[in-house]
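What follows is the residue order along each chain.
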Protein chains: 2
Amino acid sequence: MELYLIRHGIAQEREIGLADETRSLTDKGRDKTRQVAQRLSELGVRFDVLLTSPLLRSQQTAKILHDCKLSQNIAESAHLAPDGSIHDWLDWFKKQQYPQQTQLALVGHQPNLGQWAEILVWGEDRAKLFLKKAGIIGIALPETDSPIGQSQLFWLTAPKFLL
Amino acid sequence: MELYLIRHGIAQEREIGLADETRSLTDKGRDKTRQVAQRLSELGVRFDVLLTSPLLRSQQTAKILHDCKLSQNIAESAHLAPDGSIHDWLDWFKKQQYPQQTQLALVGHQPNLGQWAEILVWGEDRAKLFLKKAGIIGIALPETDSPIGQSQLFWLTAPKFLL
């Protein structure tokens, strides 16, 4: 199974009176995310399932990926919010029993996605993966057992290496 | 400083009577490596120094990168051969005292390049990085101290995510 971790695009800065959950993609963020999505589509990337964090900037990013035909299925997962836990997500994930050939994409936040990738690949988080906004990580999960520390990294890219 | 680790393109299979050092890129390997090099050039990737393993398939790969104007400087490093050691290479590297903004590319072999990347980023090799032929790894080295376990991974891609 292939797992793709995608960081939301460039969003409004934090400001007093603006709830973090409602920070929106900026015009630039929307444009660049759309360019990335179109490029991924040209490269033949497709997801069977696209899960997004419930925060607006991630929802908007997932919607753009969906509009660019990268996935027909889109759903929200509270585990992908900034305070989400990979262990809770993995409990949920195991119950889904996705077929082995599933291509699964998660749209969310930093530092979470980089941490999750490191935990899946090396078993622990050391903050050594540099994931830019609208960047993507690709991880091959093992066929059996827990994926923690058992997965392989096959892709890590920033938008600038796609566009 | 940015360090790029590039695996040679598709080469002749091993066969009795053919020394490993003289295995050449195949026509397909040459074509795909040239496409990757042209794409890297379009993306604005440039190297100040390009070092290659002395084995023919790496020399040929480095020559293609050079012909596509990715680097004006090309040199051989015996440390990049399949039996080379990252520690010997780091001893050599420290003596060069490259300026901090140097973009340095190494053309070589698997499993070495993936192992070197993991040693630089995580301090040890666990064979968790998937580097395809003509694929590329990008690592940001720290400004001070030894880069072992202190570097950051910012890029890992196979040709299929570039072409």
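What counts and what doesn't
Residues numbered from 1 in each chain as written. Chains lettered and ligands numbered in written order. Predicted model: local features only at pLDDT ≥ 70, side-chain atom pairs only at ≥ 80, totals over all residues. Heavy atoms only, no water. Helix = DSSP H or I, 4+ residues; strand = E, 2+ residues; numbered from the N terminus. Rg over C-alpha atoms; globule rule 2.2 N^0.38 Å. Buried < 20%, exposed > 50% of the residue type's maximum accessible area, 1.4 Å probe, protein only. Contact = heavy atoms within 4.5 Å. Areas by Shrake-Rupley, 256 points an atom, 1.4 Å probe, with all protein chains shown as cover. Lys, Arg positive; Asp, Glu negative; His and termini not counted. Charge placed at Lys NZ, Arg CZ, Asp CG, Glu CD. Buried area = accessible area lost by both parts, 1.4 Å probe. Salt bridge = Lys/Arg side-chain N within 4 Å of Asp/Glu carboxyl O. Polar contact = N/O pair within 3.5 Å; in protein donor to acceptor, adjacent residues only side chain to side chain. Nonpolar A, V, L, I, M, F, W, Y, C, P; charged D, E, K, R; others polar. Patch = residues over 30% accessible without salt bridge, like charges linked within 9 Å, V, L, I, M, F, W, Y side chains within 5 Å.

As named in an unreviewed UniProt entry, chain A is Phosphohistidine phosphatase SixA, taken from Gloeocapsopsis crepidinum LEGE 06123.

*Asks:* What am I meant to see in the overall build of chain A here?
*Replies:* From N to C terminus, chain A includes four helices and six strands. Helices (α) and strands (β) of chain A occur, in sequence order from the N terminus, as β-α-β-α-β-α-β-α-β-β. For chain A, whose C-alpha radius of gyration is 15 Å, the value lies close to the compact-globule estimate of 15 Å for 163 residues. The dimensions of chain A, computed from C-alpha atoms along their principal axes, are 45 × 35 × 30 Å. For chain A, the proportion of its 163 residues judged to be buried stands at 52%. Long-range pairs, those at least 24 residues apart, make up 69% of the contacts in chain A between residues at least 6 apart in sequence. Accessible surface for chain A amounts to roughly 7,500 Å². Of this, 47% is attributable to carbon and sulfur atoms. Here chain A contributes 19 positively and 19 negatively charged side chains, and the mean placements of these two sets differ by 7 Å.

*Asks:* I tried to follow the interface of chain B and chain A on my own but got confused; where do I start?
*Replies:* By a widespread convention, an interface's size corresponds to the accessible area lost as its parts come together. In this complex, chain B contributes 25 residues to the contact, which on the side of chain A involves 25 residues. Note on chain B versus chain A: buried area summed over both sides is about 2,400 Å², and carbon and sulfur give 51% of it. Ranking the residues of chain B by area buried against chain A places Trp-122, Lys-128 and Phe-161 of chain B at the top, with a combined share of 34%. At the junction of chain B with chain A, the criterion picks out two salt bridges. The salt bridge partner of Arg-126 of chain B is Glu-124 of chain A, with a shortest N-O separation of 3.9 Å. Viewed at the interface, chain A and chain B are joined by 17 residue pairs in polar contact (both at pLDDT 80 or more). Among the secondary structure elements, those contributing two or more residues to the side of chain B that touches chain A are helix 4 (112-122) and strand 6 (152-157) of chain B. Ranked by residue count, the leading element in the side of chain B that touches chain A is strand 6 of chain B, at six residues. Taken together, the residues of the side of chain B that touches chain A break down into 14 nonpolar, five polar and six charged.

*Asks:* Would you take a moment to explain a positive patch on the surface for this structure?
*Replies:* Together, Lys-28, Lys-32, Lys-132, Lys-133 and Lys-160 of chain A give the surface a local cluster of positive charge. Secondary-structure assignment places Lys-32 of chain A in helix 1 (residues 27-42).

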